[in-house]
Amino acid sequence: METTKKDKWLYVGLSILIAVILWMYVGKVVNPEVDGTIRNLPVTFVGRELLEERGLMLTEGADQTVTISVKGKRDVVNQLTAETVSVTVDVSTIAQAGTYTQAYQVSPSLTGAVASSSLIITDRHPLNVEFTVAKLAVRTVPVQGSFTGSVADGYQAGEFTFSPAAVEIKGEESIVNQIDYVQVVLDKTDLSETYSGDLPYAFISFGGEALDGADLETSVPLIRTTLPVVQLKEVPLTVNILPGGGATAEDITYTISPETIMVSGAADDLEPLKEVSLGNLDLSKVLASDVLTFPISLAAELNNVSGVTEATVKVTVNGLSTSTLEVDNIELINIPAGCKAQSVTQSRQVQIRGEKAAVAAVTQSQLRIVADLSQAVAATGTQTVPVKVYLDGRSDVGVVGEYNIVVSISR
């Protein structure tokens, strides 16, 4: 009985072995012909660079697939996939825009010693491919920005900067010629510092509409976008009072218009800024009252957000007396070498100012006019030169105003 069981398992093993050998024989030696179908084979258009040289490009139909049915040896058919079968259409001879219907070439690329000569294509779907060739255009358009977010309280957004500032676009002429610019959109809220980052962009038509889905080649995929965000600070305008003409800061009243301006800049630059000085207010040049104009100047790193470039200072001298004296004590100094000079002006009326009693005590002999000719025009003849008026022996009274005389220079 035990021998019979052993013989039974021996027969089973032999049967399996024979079946495997027969299967390998049929599969490898006999290698019968079989039918096969390969779907979704992408179509490759060759010669597109020649189209571009002619100012043309492939548009509709550039991305399509085909299905083929084949008959051949099983070893051959089993290797046919989208990776081993290429489908090509040659467009190198096309010379003008239009819609074309053209046959495609199927080329298997098999490995090993497998022969593909017996492979037969029994069906194609579709039989031909249809595609469109259009005129090609290349343009460079500017970049613009749109800030749809917000800045934090006390801050201000500046002007966008972009890198690059323009984008080259290439594609179908009818689409490219619609584009006015490309636009980046920054949508950040409560910004309190400068933003810088790479952003995508949209194509904007001359009509201001976004061209969604436009199939175009561009020189860059993203735009480096910078939006300065600076702090705001309101600061007062001031003047530096220079005593003169017998008047000091205690003797005047003045107003500045505007009183303040709004300044923007980096927080570190704004922090030490307590005021903006307009410059010196020289009281020796102010009579009873005057309105003076000063430019508003800021450091290069700051910006005058208010936009006001000048300020006016209205000044009035209070409680002081004035007097006018005729002065004929005129002195010429620093006469140019080789020249002679004399004063054509014999006397000038000079105004002085101070407390009433002090002004009354000043005599004509205490005043003298000095003309420094070192800056005179190096030419002979008469000319007008500025002078300085000195009041000797008094500190409580001063000379008011600016004066000049006429001198004659000869060689």
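Conventions used here
Residues numbered from 1 in each chain as written. Predicted model: local features only at pLDDT ≥ 70, side-chain atom pairs only at ≥ 80, totals over all residues. Heavy atoms only, no water. Helix = DSSP H or I, 4+ residues; strand = E, 2+ residues; numbered from the N terminus. Buried < 20%, exposed > 50% of the residue type's maximum accessible area, 1.4 Å probe, protein only. Pairing = 2+ DSSP bridges. Axes fitted to C-alpha atoms, helices over the stretch in contact; angles between N-to-C directions. Core = buried A, V, L, I, M, F, W, Y, C linked by side-chain atoms within 4.5 Å. Contact = heavy atoms within 4.5 Å.

What's the story with unusual backbone geometry in this structure? I'm lost.
If a residue is not glycine, its phi is most likely negative; likewise, a peptide bond is most likely trans. A cis amide bond, omega 0 degrees, links S163 with the succeeding residue P164. Looking at the secondary structure, you find P164 in the loop between β10 (161-163) and β11 (166-172). In this chain, S257 is followed by P258 through a cis amide linkage whose omega measures 0 degrees. The phi angle at N334 is positive, at roughly 55 degrees, despite the residue not being glycine. Tracing the backbone shows N334 in the loop between β25 (330-333) and β26 (340-343). For N334, a relative accessible area of 45% corresponds to the partly exposed category.

How do you make sense of the sheet that holds strand β21 (residues 289-295) when you look at a structure like this?
Sheets are built from strands paired through backbone hydrogen bonds, the pairs being either parallel or antiparallel. Strand order in the open sheet made by the three strands is β18-β23-β21, with antiparallel pairing throughout. Every interior strand has two partners, whereas the edge strands, β18 (252-257) and β21, have only one. Along the sheet, successive strands turn relative to each other by an average axial angle of 20 degrees, direction set aside. Alignment of β21 against strand β23 (residues 310-317), held across seven bridges, turns out to be antiparallel. When the bridges of β23 are listed, T293 appears paired with T312.

Quick question: what am I supposed to make of the nonpolar core here?
Soluble globular proteins tend to pack their nonpolar side chains together in the buried interior. The biggest cluster of nonpolar side chains holds 25 residues, and the ones touching the most others in it are V89 and F131. Sorting the residues of this core by element identifies β1 (33-46), β2 (56-58), β3 (65-73), α3 (74-77), β4 (85-90) and β8 (129-147) as the ones contributing at least two each. The residues contacting F131, other than those within four sequence positions of it, are F45, L58, E60, G61, V89, V91, I94, G98, T99, Y100 and Q102.

So far we have only geometry, and geometry alone does not tell us how the molecule works.
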